[in-house]
Amino acid sequence: MLHVAIQPFQQEQRAVGFFWTYRQIYPVSRQVLRDIATQYHNGVKNRSQKWGVPIQEDPPGRRDDFVERYFRRAQPDQVVAIIKAREPATILTAIGKDDRWHLELKRRWVEQYNFYVQDSRWGQLFVRVCPYFPFSARVCLNQHYWLALRLQERDIRFQQCANAFGQCADPGALQKLADSLAANDLITCAQKWLTRFTPFFTAEERKHAGVQHQLFFAPVEYCDNLIFRRRAAVEALEQRLLDANRTIGQPNKLTLIFGRRITRHHGDKLQTVIEDLNLPHPVIRSHYRKGFLKQYVRDRFLLRTETATNNISTDYGIGKAVENLPPLQKRLDGIIDRYLEVQQDILETFVDREELRQLTQPTVLPNGRRIPGLKLDQPRQLALLHSLVRFCYLAAEGTFTTRDLYPQTLQALHITPEQYKLAALRYDLWKLRAKGLVEKIPHSRRYRLLPHGYQICLVFLKLYEKIYAPLTAGILQPFAADQSIPKEKITALDRRYTAVIEALDDLVQAVGLKAA
């Protein structure tokens, strides 16, 4: 979605100068602006008759569903539908009386025109134009249709589904085309239709007065689709992702996945929620300011990870001008990659090949200093690992300071700063550095958890919290009330833990270790 504005007219004085220089109109009264709007309304009516496309009132429900039938037989560069709807827009208003007028920009609810177009290069799109000066507009483009046309030009066979390609004869070419989208592709298409839908300006005025529309990013969506051959496989993976987002990673503390540091001044939404639990496929949605990232199953065989924002400047620190498309693509692609990497690390199974034993052994530094090994059941170490695997360090190259870790580690230990000093945390972090899991960034006080270090942290947390701790609790301190729960109400995970405990009892008895 591109917000469109004529930048010179965002200053009222320059609008007055335009009317005086190019139209010999001064002052710009309320009647002048009314006449311009009336002229535009009449022009749209005349063009709709010429095109054979009637102007329709805003339909109930989704407009995309309403206009879908008009696109079925559309020809290239054809306007297929026009919908008039009352929507907010920024317009110039004239304040004053007699010969004393001045202009002010105001936000008003006005009737606007939505032109639905079958573009020869972009396929389906729509342009919304405000009939009131200075003709602010919006252009909605979908790269999905653009890619389909590029594949057709190259005679590459493919199958489309909802904003994804289920099949493609040349996936490499498809990815290369997707990455080739440039800002000029957006500008060329948008300017072609904006020029056609705002005939108020002459060619000379567009050339010399600088009244070309400029494009700025408004809502932006960027998605990644994992395609599965079997529906059962994607549904099983979805359930594992839902379970993972309830435990490891603590997604409600997601802070830097979008590439921006959180400070005490942050006042917008910052959380991860699991939505639509009543539907067949719930949605995992991580909010950040005005943006969010969501993960869900689409069209039965697609696991879609999609990031979106209404303000790229606030959320990502990138200018809104459409010329900033390359850094925006890079930022959105990085967000999705980091999110998928975290999910992969959480879901992946690791097999110990002496690495675990080596981690528990002391480390001797070149200077002869001996550093204790890592212990699987040490509370301080587990609390530090919990702090390190939080999502809040995934962006900004995953860097952090000991002061960043300290409050989170205290929270995991449920103790006070007097019981666990900052120096003690630095000592525990030093042991992880000695094992090569964490590195210190040169000439700074910041650290980075290395990729394999992240995986090792998850191994320790999984072994202790998912295997040793629950099994030990089930053996040494079982809940008597659990015996009265009907079998059909026992969760699948609890049934597996019970089976392991019973198998251990059988094993201990078989080898003669059962207590008399």
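Up top is the structure these notes are about.
This structure is a prediction, so every number in the text was calculated from the model and none was measured.

## Quick word on the overall build of the chain
Looking only at helices and strands, the chain features 16 helices and 19 strands. Looking at the chain as a whole, 43% of its 516 residues qualify as buried. Taking all contacts inside the chain whose residues are at least 6 apart in sequence as the whole, residues at least 24 apart take part in 63%. For the chain, the exposed area adds up to about 28,900 Å²; of that, 51% sits on carbon and sulfur atoms.

## Quick word on the sheet that holds strand 2 (residues 55-57)
Strand pairing within a sheet occurs via backbone hydrogen bonds; the two strands may be parallel or antiparallel. Spatial ordering of the open sheet is given by 2-3-4-5-6-1-9, a layout of seven strands whose pairing is mixed. Where the open sheet ends on each side, the last strands, each with one partner, are strand 2 and strand 9 (214-217). Each strand of the sheet is rotated relative to its neighbour by a mean of 30°, with strand direction disregarded. For strand 2 and strand 3 (residues 78-97), the ladder comprises three bridges, and the chain directions are parallel. By the bridge assignment for strand 3, E57 is matched with K84.

## Brief notes about unusual backbone geometry
Here the amide bond leading from Y26 into P27 is cis, since omega sits at -5°, within 30 degrees of zero. Mapping P27 onto the fold places it in the loop between helix 1 (12-23) and helix 2 (30-51). The step from F133 to P134 runs through a cis peptide bond, and the omega angle for that step is 15°. Tracing the backbone shows P134 in the loop between strand 5 (123-129) and strand 6 (137-140). One non-glycine residue with positive phi stands out, namely D77, at about 60°. With a phi angle near 60°, H414 is a residue other than glycine that sits in the positive phi range.

## Things to note about the side chain of K84
Position of K84 among the secondary structure elements: in strand 3. Ignoring any residue separated from it by four or fewer positions in sequence, one finds K84 in contact with I55, Q56, E57, D58, E111, Q112 and Y113.

## Some details on the nonpolar core
In this structure, F18, F115, F133, F197, F201 and F217 are the most contacted members of the largest nonpolar core, which totals 73 residues. The element best represented in this core is helix 6 (residues 183-197), accounting for seven residues. Counting 29 residues, the second largest nonpolar core, distinct from the first, contains L374, Y406, L429 and L458.

## Looking at the packing of helix 4 (residues 143-153) against helix 5 (residues 171-179)
Two elements in contact, helix 4 and helix 5, have axes whose closest approach is 10 Å; the angle formed by their N-to-C orientations is 130°. Judged by the inter-axis angle, helix 4 sits oblique to helix 5. Seen along the crossing, helix 4 lies across helix 5 with a hand that is right-handed. In this structure, helix 4 contributes Q143, W146, L147, R150 and L151 to the contact, and helix 5 contributes L174, L177 and A178.

## Here we look at a negative patch on the surface
On the surface, a cluster of negative charge is contributed by D179, D333, D337 and E341. Element by element, the count of residues in the negative patch is highest for helix 10 (residues 325-347), at three residues. Structurally, D179 can be placed in helix 5.

## Re the environment of D77
Along the chain, the position of D77 falls in the loop between helix 3 (63-67) and strand 3. Dropping the residues within four chain positions of it, D77 is found in contact with Q118, D119, S120, K192, W193 and R196. There is a polar contact of 3.0 Å between the side chain of D77 and the backbone nitrogen of S120.

## Notes on the packing of helix 12 (residues 379-388) against helix 14 (residues 422-434)
Between two packed helices, what matters for the description is the angle formed by their axes and the separation of those axes. At their nearest, the axes of helix 12 and helix 14 sit 10 Å apart, and the two run at 80° to each other. As judged from the angle between their axes, helix 12 and helix 14 are roughly perpendicular. Contacts between helix 12 and helix 14 involve R380, L384, L385 and L388 from the former and A424, L425, Y427, D428, L429 and L432 from the latter.

## As for the packing of aromatic side chains
For the structure on display, the rule yields 27 aromatic pairs. On the numbers, 5.6 Å between centres and 75° between planes, the contact of F18 with F19 is edge-to-face. The exposure class of F19 is buried, given its relative accessible area of 1%. Above the face of the F200 ring, R23 is positioned so that its terminal group lies 4.2 Å from the ring centre. A cation over an aromatic ring shows up here: R69 above the ring of F66, its NZ or CZ 4.7 Å from the ring centre.

## A closer look at the side chain of T309
The topology assignment puts T309 in strand 14 (residues 302-309). Polar side-chain contacts of T309 include one of 3.0 Å to the backbone nitrogen of N311. Residues within four places of T309 in sequence aside, it is in contact with A218, P219, V220, K290, G291, D315 and Y316.

## Digging into a positive patch on the surface
There is a patch of like positive charges on the surface, built from R403, R426, R433, K440 and R445. For R403, the position within the fold is in helix 13 (residues 402-413).

The rules behind each value
- Each chain has its residues counted from 1, following the order in which its sequence is written.
- Totals for whole chains, interfaces and linings use every residue, but because this is a predicted model, local features are given only for residues with pLDDT of at least 70 and side-chain atom pairs only at 80 or more, for both listing and counting.
- Excluded from the side-chain calculation are hydrogens and water; included are all heavy atoms of the structure.
- Strands here are runs of E lasting at least two residues and helices are runs of H or I lasting at least four, both read from the DSSP assignment and numbered beginning at the N terminus.
- Here's how the labels work: a residue is buried when its accessible area is under 20% of the maximum for its type, exposed when over 50%, partly exposed in between, all with a 1.4 Å probe on protein chains only.
- Note on definitions: a residue-residue contact is assigned when non-hydrogen atoms from the two residues lie within 4.5 Å.
- Each accessible area is a Shrake-Rupley estimate made with a 1.4 Å probe; only the visible protein chains count as cover when residues are assessed.
- We call two strands paired when DSSP finds no fewer than two bridges between them.
- Fitting a line to C-alpha atoms yields each axis, with helices limited to the stretch in contact; the angle taken between N-to-C directions then spans 0 to 180 degrees.
- In these notes, a set of buried Ala, Val, Leu, Ile, Met, Phe, Trp, Tyr and Cys residues joined through side-chain atoms within 4.5 Å is what counts as a nonpolar core.
- If an angle is under 35 degrees, it is roughly parallel; if it is over 145, roughly antiparallel; if it lies from 65 to 115, roughly perpendicular; otherwise it is oblique.
- Handedness of a crossing is defined here by the sense of rotation of the near helix relative to the far one, left-handed for an anticlockwise turn of less than a right angle and right-handed for a clockwise turn.
- Patch membership requires over 30% relative accessible area and the absence of a salt bridge. Like charges are linked within 9 Å, and nonpolar side chains (Val, Leu, Ile, Met, Phe, Trp, Tyr) within 5 Å.
- Salt bridges are identified by distance alone: a Lys or Arg side-chain nitrogen within 4 Å of an Asp or Glu carboxyl oxygen.
- Residues counted as positive are Lys and Arg, residues counted as negative are Asp and Glu, and His and the chain ends are not counted.
- The location of each charge is read from NZ of Lys, CZ of Arg, CG of Asp or CD of Glu.
- Within 3.5 Å is the distance limit for a polar contact, defined as a pair of N or O atoms, with the added protein rule that one can donate a hydrogen and the other accept it, and that residues adjacent in sequence qualify only through two side-chain atoms.
- Only Phe, Tyr and Trp rings take part, Trp by its six-membered ring, and two of them pair if their centres are within 6.5 Å. Stacked means planes under 30 degrees apart, edge-to-face means over 60, and tilted covers everything else.
- Here, a charge over a ring is recorded when the distance from Lys NZ or Arg CZ to the ring centre is within 6 Å and its angle to the ring normal is within 35 degrees.

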